[in-house]
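Listed below are the residues making up each chain.
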Amino acid sequence: MDAIVLLKDDHKTVEKLFKQFEKAGPKAHKEKEKIVAQVIEELTAHTYIEETIFYPAVRADVPDTDDHVLESVEEHHVVVWMLSELKKLDPADEHYDAKMTVLMENVRHHVEEEEQEWFPQVREALGRKRLQELGERMAQAKSDAPRDPLKIPSATQ
């Protein structure tokens, strides 16, 4: 699997979880807590492999992507802090759904920019072989990804 396919698959997985959260009723606290735990796990691993493998490779090999990479890292910074807050927050707290809604908006914006504006440029510049090599490295690194969102490099930037 190539790196972009892997990242898009992650995006689809997280979007499905977002839709489950949105469909859960206002009092479905246990269900929402399980969904949020999965979102935290998925986004933490995804963010880790993007920041430690994908972004450095793109920045090194694809001209004119520095601004996009830096913007993406800043978006990650916001997301990982929100994930860490959700992890500690009681699902019955009045801020829980609002915080999750803002997280979903941020992630959806980030995904749209990557998939529509950036991935086509990266695919063209890197080519199939390089993307497959990166994808293999990223898939292996997922199992070693931190579980704590605040251990992601962008958390401290």
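For the structure, see preceding data.
These numbers were taken from a predicted model, which means no experiment stands behind them.

Undergrad: Any details on the overall build of the protein? Residues and values, ideally.
TA: From N to C terminus, the protein includes four helices and zero strands. If you list the helices and strands of the protein from N to C, you get α-α-α-α. Oriented by its inertia axes, the alpha-carbon framework of the protein measures out at about 50 × 30 × 30 Å. Expressed as a percentage of its 157 residues, the buried residues of the protein come to 45%. Once local pairs closer than 6 in sequence are excluded, the contacts in the protein between residues at least 24 apart make up 79%. Counting every atom, the protein has about 8500 Å² of accessible surface; 50% of that belongs to carbon and sulfur. Of the side chains in the protein, 22 bear a positive and 34 a negative charge, and the two mean positions are spaced by 6 Å.

Undergrad: Let's hear about the packing of aromatic side chains: which residues, and what values?
TA: Overall, the coordinates contain six aromatic pairs when judged by the stated rule. With a centroid separation of 6.3 Å and 50° between ring planes, the pair formed by Phe-54 and Tyr-55 is classed as tilted. For the pair Phe-54 and Tyr-55, one class covers both residues: buried. Both rings, one in Phe-54 and one in Trp-118, keep their centres 5.8 Å apart while their planes meet at 90°; by these two values the pair is edge-to-face. Residue Phe-54 is found in helix H2 (residues 29–61), and its partner Trp-118 is found in helix H4 (residues 96–142); the two are separated by 64 residues along the sequence. Trp-118 shares its class with Phe-54; the two are buried.

Undergrad: Lay out H4 with the relevant residues and their values.
TA: Along its 47 residues, H4 runs just 27 Å from first to last C-alpha, ending more than 12% under the 69 Å computed at 1.5 Å per residue. Its maximal kink placed at Gly-127, H4 deviates by approximately 100°.

Undergrad: Give a detailed account of the side chain of His-11, specifying residues and quantitative values.
TA: Counting through the fold element by element, His-11 comes out in helix H1 (residues 3–23). One polar contact links His-11 to His-46, side chain to side chain, over a distance of 3.4 Å. Ignoring sequence-local partners within four residues, the contact set of His-11 consists of His-46, Val-111, Glu-114, Glu-115 and Phe-119.

Undergrad: Residues and numbers for the side chain of Glu-113, please.
TA: With respect to the helices and strands, Glu-113 occurs in helix H4. Buried Glu-113, no salt bridge; nearest opposite-charge side chain is Arg-108, N-O distance 15 Å.

What counts, and at which threshold
Residues numbered from 1 in each chain as written. Predicted model: local features only at pLDDT ≥ 70, side-chain atom pairs only at ≥ 80, totals over all residues. Heavy atoms only, no water. Helix = DSSP H or I, 4+ residues; strand = E, 2+ residues; numbered from the N terminus. Buried < 20%, exposed > 50% of the residue type's maximum accessible area, 1.4 Å probe, protein only. Contact = heavy atoms within 4.5 Å. Areas by Shrake-Rupley, 256 points an atom, 1.4 Å probe, with all protein chains shown as cover. Lys, Arg positive; Asp, Glu negative; His and termini not counted. Charge placed at Lys NZ, Arg CZ, Asp CG, Glu CD. Phe/Tyr/Trp six-rings, centres within 6.5 Å; stacked < 30°, edge-to-face > 60°. Expected span 1.5 Å × (residues − 1). Bend = angle between axes of the 7 residues up to and from the residue. Polar contact = N/O pair within 3.5 Å; in protein donor to acceptor, adjacent residues only side chain to side chain. Salt bridge = Lys/Arg side-chain N within 4 Å of Asp/Glu carboxyl O.

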